[in-house]
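# Structure assessment
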Amino acid sequence: MADDFDIVLFGATGFTGGLVAEYIASRYDGQARWALAGRSAAKLAKVREALGVDVPLLVADSDDARALRDMCSRTRVVISTVGPYQLHGSALIAACAETGTAYVDLCGEPGWMRLMIDAHHDEAKRSGARIVFSCGFDSIPFDLGVLTLQEAAVARFGQPVPRVKARVRRVKGGFSGGTVASLKATLAAAARQPSLLGLLTDPFALTPGHAGPHQPAGLLPEYDATLQAWVAPFIMAPINTKNVHRTNFLLGQSWGDLVYDEMVVTGLGDLGKAAAEAMAKLNPFAGDKGPKPGEGPSRAERDAGHFDILFAGLMPDGSRLDTVVTGDSDPGYGCTSRMLAESALCLIRDVQGEGGIWTPGALMGTSLRDRLVAHAGMTFTAG
């Protein structure tokens, strides 16, 4: 590996890729050797000009295996924002696994993730490639939120908590056309290949050979006696819960037989119940009026965004311990662009670890958490 670059940002001309490029340019230009990559040299040049930076441009298409191998062989880590990953990401994972190149992305597509684990985990272990999916709002706040809670539980109780309830108390932010495209691609793949439905509904779909205890479905509104409030299904729970269980799996089940779910807090009394029931029926991706690929929330909307997530840890004797994770900008794009960039930097500056297909919590853990607190406008509070 030539290591011409510390970071190659693949997909820099997309909406989220542009935000990641902007973040790296503002915080790390001159401190890291980086390059912009994508399939159009002209579009990449426009991004570079808008950023006002002098960085190399690499041209590669997502289905050009040779170009992707050449790109990977020149860098320590690839950041990929080229989704839907199940349509455009497989050849890049193969190239990283072959060349031993680290990789981070924003994937929330569990069916594809499992296929990549089955196909490339062993090769990545052999080559030393550290491949980490889901380095954005799905699923870093939840993955590291549970990690933080379990650290505090071991300190207080001498053991991890067996039951964790993640409750999204406040969230404000938009979604991009890429998010819509990924969801539609997942549903289309399941329609073509019904066997994928099992992976999409299985909480342990990302833990090959391991199945844990029964998990709450989280598909219906309910009254949560722990919070004494009504809660509704959370649209990102199907990917986040799988990643949390994979983290536990990769850590040797250090959290035991964890029971974990995620819901959105809607409020108290009849109003909270009505809101939960309405939210359960809402499909934010329905129709054709949403953003198209390459579109997303404005800067003002991103700056006005935020999130607050409570993790309630419950012991069998009724003892409870909480952790809270917050972010100070739009969760899907403002905070996500920072999380993705900091994950890449964490891999090359802060942590080692053997090759394989990882989760953020299992590989980067507290090192990544420290970076996010220092640079990404996030907080993790236990106790």
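Summary of the structure given here. (Residues numbered from 1 in each chain as written. Predicted model: local features only at pLDDT ≥ 70, side-chain atom pairs only at ≥ 80, totals over all residues. Heavy atoms only, no water.)

Ranked by size, the top nonpolar core spans 100 residues in total, and within it M71, Y103, I131, F133 and F311 carry the most contacts. At nine residues, the largest contribution of residues to this core is made by helix α13 (residues 334–349). (Core = buried A, V, L, I, M, F, W, Y, C linked by side-chain atoms within 4.5 Å. Buried < 20%, exposed > 50% of the residue type's maximum accessible area, 1.4 Å probe, protein only. Helix = DSSP H or I, 4+ residues; strand = E, 2+ residues; numbered from the N terminus.)

Turning to the pattern of salt bridges, a few remarks are in order. Pairing between side chains of opposite charge can happen when the charged atoms of each approach one another. Considering all chains together, one arrives at 17 salt bridges under this definition. Here R338 ties to D328 by a salt bridge, and the two come within 2.9 Å at their closest N and O atoms. Here R338 is found in helix α13, whereas its partner D328 is found in the loop between β12 (320–327) and α13, with ten residues between them in sequence. Relative accessible area serves as the criterion here: at 45%, D328 is assigned to the partly exposed category. We note a salt bridge from D350 to R371, for which the minimum N-O separation is 2.6 Å. (Salt bridge = Lys/Arg side-chain N within 4 Å of Asp/Glu carboxyl O.)

So, about the sheet that holds strand β8 (residues 222–224). Pairing is mixed across the open sheet formed by seven strands, whose spatial order is β8-β9-β10-β7-β11-β12-β14. The open sheet has two free edges, formed respectively by β8 and β14 (378–382), since each of these has just one partner strand. Put simply, the sheet's adjacent strands are angled 30 degrees from each other on average, direction ignored. In this structure, strand β9 (residues 229–233) lies alongside strand β10 (residues 259–267), joined through four bridges in antiparallel fashion. In the strand pairing of β10, A232 is matched with V264. (Pairing = 2+ DSSP bridges. Axes fitted to C-alpha atoms, helices over the stretch in contact; angles between N-to-C directions.)

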